[in-house]
There are 2 protein chains.
Amino acid sequence: MEHEKIGITEVAQHAGVSVATVSRVLNRKAGVSQKTRQLVERAMEEVGYERGAASGGIVGVITPGLSIPIFGVMAERIGLALAPHGLRAVVCPALPGGVQERDFLKSLLDLGASGIVFCSASNTLENFDPEVLQLLEHRPVPYVCINGRFEDSSSVAFSTDDAYAAELSVRHLHGLGHRRIAMAAGPVGNRPTDRRVAGYRAAMTALGLGEDEQLVVHQTYSVEGGQFAAEQLLAQGVTGVIAASDQMALGAIRAIRRQGLSVPEDISVIGYDDGPLMEFTDPPLTTVRQPVDRLAAEVARALVGLLSGHQVPVGELMFQPEVVVRGTTAPYHPRRPPA
Amino acid sequence: MEHEKIGITEVAQHAGVSVATVSRVLNRKAGVSQKTRQLVERAMEEVGYERGAASGGIVGVITPGLSIPIFGVMAERIGLALAPHGLRAVVCPALPGGVQERDFLKSLLDLGASGIVFCSASNTLENFDPEVLQLLEHRPVPYVCINGRFEDSSSVAFSTDDAYAAELSVRHLHGLGHRRIAMAAGPVGNRPTDRRVAGYRAAMTALGLGEDEQLVVHQTYSVEGGQFAAEQLLAQGVTGVIAASDQMALGAIRAIRRQGLSVPEDISVIGYDDGPLMEFTDPPLTTVRQPVDRLAAEVARALVGLLSGHQVPVGELMFQPEVVVRGTTAPYHPRRPPA
DNA sequence: CTACACGACGAAAAATTTTCGAAAACTGTT
DNA sequence: AACAGTTTTCGAAAATTTTTCGTCGTGTAG
């Protein structure tokens with residue numbers, strides 16, 4: 001029985017550092033240089049120290065809430081993909097007015113989480129909480145981003161190709177004969193939104209449909225946001241609306257109907273996400289599907305790779321979305337004048 | 001400066017036990033009698049020992065997945081209600097094929113979670129994993145249940161009054177002139193389902209609509225489950241279907257349409273939950289709304305109470321649901337014979 | 001009435017975390 | 001370069017917590 005109990009002490013000895021330092025590395029405490037940390041981590045592997053066995057390997061999935069179904073689905077899939085590896089995904093819904101993202105991150109770090117997934121969290125924001133990144137730098141933990149990576153950092157990200165999604169939407173509507181195509185975009189400073197706006201603009205230009213600044217209205221991703229945006233856009237005589245989320249699309253449809261027009265006869269609407277139940281809306285929503293399954297699978301694979309010490313290429317991998325044509329888009333025909 | 005550093009040692013001394021015991025209580029380890037535990041807990045308060053400050057006070061919310069929107073909403077609301085108290089709700093989606101509920105519970109316990117919320121988890125099942133209850137008994141942690149309590153245990157629960165919900169549904173359809181009213185119920189052995197079936201039967205009997213066993217079909221809560229159940233029921237000439245979830249209701253509508261009938265003209269359908277977006281379905285779904293907000297608020301209040309040592313009355317509090325009449329129910333009129 | 005199995009504890013050992021202070025590494029200046 | 005003023009990084013030792021191991025009642029079946 002050579003099992004001489006490998007503890008923090010043995011690791012320290014092997015790494016040629018003090019137990020204090022190993023303890024700090026173990027708990028992801030600040031105050032350890034990159035070099036030393038790696039030294040200790042290598043030593044831990046070499047001596048065969050089992051870390052985190054106590055915490056059972058939990059992974060925090062940070063999302064912007066859960067009332068938008070697509071995030072719930074995404075989190076669930078990630079959890080499912082991680083489970084076979086013995087990892088337990090806990091979902092942390094960061095909401096304005098609720099728990100802040102940085103607080104969740106702190107808790108997860110203190111809890112000894114094995115990894116983090118930023119699912120459309122602050123990693124998608126231009127003005128993200130600097131403390132989040134700081135925490136990540138001071139107390140390194142393997143993490144993966146979805147839909148945008150932290151700038152200035154060597155993070156791994158998997159995203160839906162938003163520019164392409166917008167292009168697909170424009171093309172779809174253009175193919176149906178629409179020419180005044182508008183975008184009910186998400187909030188400014190949101191990376192996916194920015195990319196979609198860029199993709200939209202590029203596609204419009206490429207198709208010779210002009211570059212009317214007014215045709216992009218920024219709003220929140222909610223039903224109400226979509227409704228408001230659509231109201232603005234209808235005043236400009238658009239016949240096709242590209243919404244930044246399924247919720248916004250439904251809001252847009254509501255706004256259109258309130259004006260006595262119908263979807264898709266008078267105005268075509270295309271959503272984004274393809275959350276559950278979108279085939280049951282009235283009419284069934286034409287939308288751009290985020291490849292949730294593939295995204296979740298890749299995120300899980302990358303995280304598992306990171307955890308087993310593999311080097312995962314940093315950068316942002318783009319996943320191709322696809323248009324799911326249902327009933328809210330139809331060939332353009334001249335609008336009848338309002339009665 | 002009298003801050004003599006109050007540690008586990010001081011607590012042990014004050015409680016008249018060993019530090020080992022205090023440590024065990026602190027980590028919710030098994031092997032401490034109820035009496036001793038309380039003794040230690042009282043001592044901790046008296047000396048002012050601050051526990052869990054490290055973990056920041058996290059609360060695990062265990063749900064059966066997140067792809068059913070209502071659970072996401074419920075979890076989100078609970079998190080929102082808990083946040084002002086400095087508690088961070090992490091959502092644990094337990095799924096068949098994924099992480100088991102008991103594993104989440106174990107992790108949560110090891111992590112030093114301050115409390116647990118069983119949101120329509122195994123607490124709603126007749127044959128729940130005995131290990132869960134065992135864990136809860138051996139390593140006590142404050143917890144609250146939603147939609148059913150653990151039997152044989154002194155748990156606190158807040159539930160939607162399912163029997164009443166079924167009664168409301170029957171009454172609504174009866175009031176519209178329907179007489180052959182069926183139920184597309186959830187899986188057997190599921191407490192909410194059992195209650196709804198009982199409520200349905202009672203209401204049917206009270207209204208003199210007979211007690212046809214065949215009129216209740218058990219299925220999963222999914223769209224497909226609803227579709228399948230509706231197919232069975234349509235063969236029996238029912239004109240009103242009470243579904244056990246919004247998803248099932250949508251599945252039922254699909255089945256009805258596949259038979260060339262329409263909703264609500266030929267058949268009325270009423271759902272359950274009133275998840276987000278149900279007003280956008282085709283037709284907008286008439287459904288029974290679970291009082292999610294009030295439920296979440298009470299759960300939070302109870303948990304905070306338990307955490308601050310208050311005695312919260314055990315038992316199950318029933319919250320009244322309400323019918324949200326939209327477009328899938330209409331007055332009965334004789335079905336036209338199939339073409 | 002004896003064994004025997006068990007759960008609950010304490011004492012002491014082992015392990016881990018935190019504290020405190022001293023090098024070492026930067027930084028912007030003469 | 002040389003130099004103060006800082007900030008980081010880390011080790012030794014102290015403090016604290018966790019675990020191990022063995023004892024003591026208790027209940028129970030033989």
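Criteria and cut-off values
- Residues numbered from 1 in each chain as written.
- Chains lettered and ligands numbered in written order.
- Predicted model: local features only at pLDDT ≥ 70, side-chain atom pairs only at ≥ 80, totals over all residues.
- Heavy atoms only, no water.
- Near = heavy atom within 4 Å.
- Polar contact = N/O pair within 3.5 Å; in protein donor to acceptor, adjacent residues only side chain to side chain.
- Helix = DSSP H or I, 4+ residues; strand = E, 2+ residues; numbered from the N terminus.
- Nonpolar A, V, L, I, M, F, W, Y, C, P; charged D, E, K, R; others polar.
- Core = buried A, V, L, I, M, F, W, Y, C linked by side-chain atoms within 4.5 Å.
- Buried < 20%, exposed > 50% of the residue type's maximum accessible area, 1.4 Å probe, protein only.
- Contact = heavy atoms within 4.5 Å.
- Least-squares fit on C-alpha atoms with pLDDT ≥ 70 in both.
- Pairing = 2+ DSSP bridges.
- Axes fitted to C-alpha atoms, helices over the stretch in contact; angles between N-to-C directions.
- Buried area = accessible area lost by both parts, 1.4 Å probe.
- Salt bridge = Lys/Arg side-chain N within 4 Å of Asp/Glu carboxyl O.
- Domains from an automatic or database assignment.

### A look at the protein's contact with DNA strand C
Looking at DNA strand C, there are 19 residues lining it, with Ile 8 and Lys 29 of chain A together with Thr 21, Ser 33 and Thr 36 of chain B nearest. Each atom of DNA strand C within 4 Å of the protein belongs either to a base or to sugar and phosphate, the latter forming 70%. In this structure, a phosphate oxygen belonging to DNA strand C sits 3.1 Å away from a side-chain N or O atom of Asn 27 of chain A. Within the side chain of Lys 29 of chain A, an N or O atom sits 2.4 Å from a phosphate oxygen of DNA strand C.

### Focus on the protein's contact with DNA strand D
In the vicinity of DNA strand D, 19 residues are found, and the nearest of them are Thr 21, Ser 33 and Thr 36 of chain A together with Ile 8 and Lys 29 of chain B. Each atom of DNA strand D within 4 Å of the protein was assigned to sugar, phosphate or base; sugar and phosphate come to 71%. Contact between DNA strand D and Arg 24 of chain A: a base nitrogen at 3.0 Å from a side-chain N or O atom of the residue. Between DNA strand D and the protein, one listed contact pairs a phosphate oxygen with a backbone N or O atom of Ile 8 of chain B at 2.9 Å. Elements with a contribution of two residues or more to the surface near DNA strand D: helix H2 (19–26) of chain A together with helix H2 (19–26) of chain B. Across the surface near DNA strand D, the residue classes break down as six nonpolar, nine polar and four charged.

### A few points about the nonpolar core
Within soluble globular proteins, side chains that are nonpolar tend to cluster in buried spots. Counting residues in hydrophobic clusters, the biggest one holds 58 residues, and the most contacted among them are Ile 78 and Leu 82 of chain A together with Ile 78 and Leu 82 of chain B. Judged by nonpolar contacts, the second largest core, of 52 residues, contains Leu 133 and Leu 135 of chain A together with Leu 108 and Ile 116 of chain B.

### So, the side chain of His 172 of chain A
All names here are of chain A. Within the secondary structure, His 172 is located in helix H7 (residues 162–175). Taking the relative accessible area as the measure of exposure, His 172 reaches 17% and is therefore buried. Contact partners of His 172, with chain neighbours within four places excluded, come to Ile 270, Thr 286, Val 323, Val 325 and Thr 329.

### Focus: the relation of the copies chain A and chain B
Rotating chain A by 180° about the axis while translating it 0.0 Å along that axis superimposes it on chain B, leaving an RMSD of 0.1 Å. Between the two chains, the operation in question is that of a two-fold axis. Closest approach to the rotation axis within chain A is made by the C-alpha atom of Thr 281 of chain A, at a distance of 2.0 Å. Same-surface contact between copies: 100% of interface residues of chain A are shared with the interface of chain B.

### Description of the sheet that holds strand S10 (residues 287–289) of chain B
All names here are of chain B. Spatially, six strands are ordered S7-S6-S8-S9-S10-S12 in an open sheet, and the strand pairing comes out mixed. The open sheet has two edge strands, strand S7 (216–218) and strand S12 (322–324), and neither has a second partner. Strand after strand, the sheet turns through a mean of 25° between neighbouring axes, direction not considered. With three bridges joining them, strand S6 (residues 181–185) and S7 adopt parallel strand pairing. The partner of Ala 185 across the bridge, within S7, is His 218. Relative to S6, helix H9 (residues 223–234) is tilted by about 155°, and along the sheet it contacts S6, S7 and strand S8 (240–243).

### Some points on the interface of chain A and chain B
In many reports, interface size means the accessible area that the parts give up when they come together. If you look at the interface, chain A gives 40 residues, while chain B gives 40 residues. Across the chain A to chain B interface the summed buried area is about 3300 Å²; carbon plus sulfur atoms make up 68%. The largest per-residue losses of area from chain A upon contact with chain B belong to Glu 76, Arg 88 and Phe 280 of chain A, which jointly make up 20% of the total buried on that side. Here chain A is connected to chain B by four salt bridges. Arg 88 of chain B is the salt-bridge partner of Asp 103 of chain A, the closest N and O atoms lying 3.9 Å from each other. Our count for the chain A to chain B interface comes out at 13 residue pairs in polar contact (both at pLDDT 80 or more). Class assignment for the residues of the side of chain A that touches chain B results in 24 nonpolar, nine polar and seven charged.

### Looking at unusual backbone geometry
Glycine aside, residues mostly have negative phi, and peptide bonds are mostly found in the trans state. Here the bond from Val 263 of chain A into Pro 264 of chain A is cis, since omega is 10°, no more than 30 degrees from zero. By the secondary structure assignment, Pro 264 of chain A is in the loop between helix H10 (246–258) and strand S9 (268–273). Asp 282 of chain B connects to Pro 283 of chain B through a cis peptide bond whose omega is -10°. Mapped onto the elements of the fold, Pro 283 of chain B is located in the loop between strand S9 (268–273) and S10. Phi angles above zero are rare outside glycine, and Asp 274 of chain A is one such case at about 60°. Along the chain, Asp 274 of chain A falls in the loop between S9 and strand S10 (287–289).

### Some points on the domain arrangement of chain A
Residue and element names in this part refer to chain A. Assigned domains of chain A: these are domain 1 (8–47), domain 2 (58–161 + 291–321) and domain 3 (162–290). Summarising the inter-unit geometry, the C-alpha centres of domain 1 and domain 2 are found 25 Å apart. Across the contact, five residues belong to domain 1 and eight residues belong to domain 2. Surface buried jointly by domain 1 and domain 2 totals about 540 Å² across both partners, of which 44% is contributed by carbon and sulfur atoms. In terms of surface lost to domain 2, no three residues of domain 1 exceed Arg 28, Ala 30 and Arg 37, which account for 80% of the buried area on that side. Summed over the shared surface of domain 1 and domain 2, the result is zero salt bridges. The residue makeup of the side of domain 1 that touches domain 2, split by class, is one nonpolar, one polar and three charged.

### Focus on the side chain of Thr 329 of chain B
Residues and elements named next belong to chain B. Along the polypeptide, Thr 329 turns up in the segment after S12. Only 2.9 Å separates the side chain of Thr 329 from the side chain of His 172, close enough to count as a polar contact. Engagement of the side chain of Thr 329 in a polar contact is seen with the side chain of Thr 286, the distance being 3.1 Å. Once residues within four sequence positions are removed from consideration, Thr 329 is found in contact with His 172, Leu 173, Leu 176, Pro 264, Ser 268, Val 269, Ile 270 and Thr 286.

### Concerning the pattern of salt bridges
Within the structure shown, the criterion is met by 34 salt bridges over all chains. In this structure, Asp 110 of chain A and Arg 139 of chain A form a salt bridge, with 3.0 Å as the shortest nitrogen-oxygen distance. Here Arg 139 of chain A lies in the loop between helix H6 (130–138) and strand S4 (143–146) and Asp 110 of chain A lies in helix H5 (residues 101–111), a separation of 29 residues in the sequence. Linking Asp 293 of chain B and Arg 77 of chain B is a salt bridge whose minimum nitrogen-to-oxygen distance equals 2.5 Å. Here the residue Asp 293 of chain B occupies a position in helix H11 (residues 292–307), and Arg 77 of chain B occupies one in helix H4 (residues 69–82), the gap between them amounting to 216 residues.

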